Amino acid sequence: MRRYFTLLLMAVMIAVIAMAQTGKADYRIVPLPDRIDGIKSADFRLTDKCLINYTMGDRAMERNAAMLSRYIEDMTGMHLSTRPTLRGDAGNITLRLDDNIDNDEGYGITVTPKCVEVRGKTAAGVFQGIQALRKSLPIGEFDAVILPSAQISSSPRFGYRGMHLDCVRHFFGVETVKRYIDIMALHGMNRLHWHLTDDQGWRIEIKKYPRLTEVGGWRNGTTLGHNSPVNDGIRYGGYYTQEEIRDIVLYAADRYITIIPEIDMPGHMLGALAAYPELGCTGGPYEVWGMWGVSDDILCVGKDHTLQFIKDVLDEVMQLFPSQYIHIGGDESPRVRWQQCPLCQQRISDLGITADGKQSAEARLQGWFTTQVQNYLAQHGRRIIGWDELLGCDVDPSATIMSWRGAKPGAEGAKLGHDVIMSPVGPLYFDYYQTSKTWNEPMSFGGCNTLKKVYDFEPVAEDLPAGTRHHIIGVQANVWTEYITCEPQIQYQVLPRMAALSEVQWLQPEEKDYQDFKARLLHLVDLYKLYGWTYRAKSLIQEEEDHAQE
Ligand code: TNX
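What counts as what
- Residues numbered from 1 in each chain as written.
- Predicted model: local features only at pLDDT ≥ 70, side-chain atom pairs only at ≥ 80, totals over all residues.
- Heavy atoms only, no water.
- Near = heavy atom within 4 Å.
- Polar contact = N/O pair within 3.5 Å; in protein donor to acceptor, adjacent residues only side chain to side chain.
- 1 Å grid on protein atoms, 1.4 Å probe; cavity = no way out; pocket = protein on both sides within 12 Å on 5 of 7 lines; lining within 4 Å.
- Sits in = over half its atoms within 2 Å of the grid points.
- Nonpolar A, V, L, I, M, F, W, Y, C, P; charged D, E, K, R; others polar.
- Pairing = 2+ DSSP bridges.
- Helix = DSSP H or I, 4+ residues; strand = E, 2+ residues; numbered from the N terminus.
- Axes fitted to C-alpha atoms, helices over the stretch in contact; angles between N-to-C directions.
- Contact = heavy atoms within 4.5 Å.

Colleague: Got a minute to help me understand the site of the ligand in this structure?
Modeller: Neighbouring residues of the ligand: Arg 169, His 268, Asp 331, Glu 332, Trp 387, Trp 404, Tyr 429, Asp 431, Tyr 432, Phe 445, Trp 480 and Glu 482. Arg 169 has a polar side-chain atom sitting 2.8 Å from an oxygen atom of the ligand. Spatially, the ligand is embedded in the largest pocket. Taken together, the residues of the shell around the ligand break down into 6 nonpolar, 1 polar and 5 charged.

Below, the structure written as structure tokens:
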């Protein structure tokens, strides 16, 4: 009887083991780690009995551990507990800081039969290692996942790895912005450039100037099609309260993403002008715009009041955003109003500004205004980023330039000693089409930035002199939302192009290989599916040899 029972038990156990689902990790992820060295020893078996160890008392690592636990559960269905500890124990995953890693965001992962170690020079680096480990896992319901023994290590090529999001032309709620941050984290990115003010609305609550959002946050309608004269006549708007902004900034910080707010000035300001017409040259009245494009009405910088207004706004912005950088726009500022404004002309003559062969007096006036803002922010330990138009108005080289009208202005800026972030319209405007065959695509701004064009982008031009190359500090893709009205459409525009961008941001040029990337991309896309994100599937299955220019 007893023997019969033992046999039965054994049979049941064999059946259970046979039924148990086992998956296997694959470290060839996106972005591809710099090194994946196999170790000749047995594999590590990850189960829900494993613990995630982190250093006791380290809040950042505690959050990292919790995040990894959640990711593993998303991917495999296995729930692993986290544990504060002073040392790594066999059979567990251990997160720890490692001074031997040079790059602040570099990571190392060591897998042996006994344990898995995720290391970084900083907690941010450990987080990058966590993302890598997460993307290596198979997707499904598993009882165990086999992790082949290996040494993996990687460091990002660029310290500034950005995505931009325009929440003005269309407004997106807190949850959408948080999911955008999640998507960025998955792709190893660390800067969110958040476009918060423009002609079509003012989206950030400023306590001292409540009309900015009460009045400036709303437009009476939106143009249909590509800036057609037909307007839908539907009141549209919204804004983020300061409380919501703090919540989003923290959410991003927990994922090692810094949010850089953009308050675009002196142009793209109709939101503010509609609320406070005295800020303009003509005194208005102004309306929050229901059209796209560039408005002639910009801030009047002849009035001291305008400067005070900007300082007051920036005071509140700085309280909300710990980012060292504040983006002050500076793009697309026509100067026709300044030419006719007695106060602006008075300012020009008071300052003794004159035109020369290169620049008009009004261009110099924008330079003066920008410098005032730059100095004010510098007094508070902050730095400015501005669009490449700033290069045309004598700003100090300590201003960082965002090169959008191609990569050439960025290269010029670097030669002048500016730090530069490359985000040229071609191929890094993700509001542009992803194919030349646009008839089956959601309406976009125009252009044609295919997955391959994004992948092939090289931010540091070959002919850039050696002493200036270090000024190219980052790469970013921009998502303007004139034609993007809802979250699935944002995701469709950025996925999978963000995957290609992540390899531009992380890999050295010689490590890149488009065909290999496309093969590795398939698993990443399975993660998009897992999270229910919308993406452009056609970019995966067909080679789109589009050479249309933007
Ligand atoms: C240019 S990029 C703009 C934006 C538009 C975008 C559309 C830049 C500094 N200005 O205002 O939304 O093109 O792609």
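Colleague: Could you clarify how one ought to interpret the sheet that holds strand 9 (residues 144-147) in this entry?
Modeller: Across a sheet, strands are paired by hydrogen bonds formed along the backbone, either parallel or antiparallel in direction. With mixed pairing, 3 strands are arranged side by side in an open sheet as 1-9-3. Each edge of the open sheet is held by one strand with a lone partner, namely strand 1 (22-24) and strand 3 (44-46). Direction aside, neighbouring strands of the sheet carry axes that sit 30 degrees apart on average. Two elements, strand 3 and strand 9, share 3 bridges in a ladder whose sense is antiparallel. The residue bridging Phe 44 from the neighbouring strand is Leu 147, located in strand 9.

Colleague: Sorry, what's going on with the sheet that holds strand 2 (residues 35-38) here?
Modeller: If you trace the 7 strands from one edge of the open sheet to the other, you get 2-10-7-8-6-4-5, paired in mixed fashion. Strand pairing shows two members of the sheet lacking a second neighbour, strand 2 and strand 5 (81-85), which therefore form its edges. Averaged over neighbouring strand pairs, the angle between their axes works out to 15 degrees when direction is ignored. Pairing of strand 7 (residues 107-111) with strand 8 (residues 116-120) involves 5 bridges; the strand directions are antiparallel. Each residue of the ladder has a partner; that of Ile 109, found in strand 8, is Val 118. Against the sheet, helix 2 (residues 59-76) engages strand 4 (51-55), strand 5 and strand 6 (93-97), with an angle of about 145 degrees to strand 6. Contacting strand 6, strand 7 and strand 8, helix 3 (residues 123-136) runs over the sheet at an angle of about 140 degrees to strand 8.

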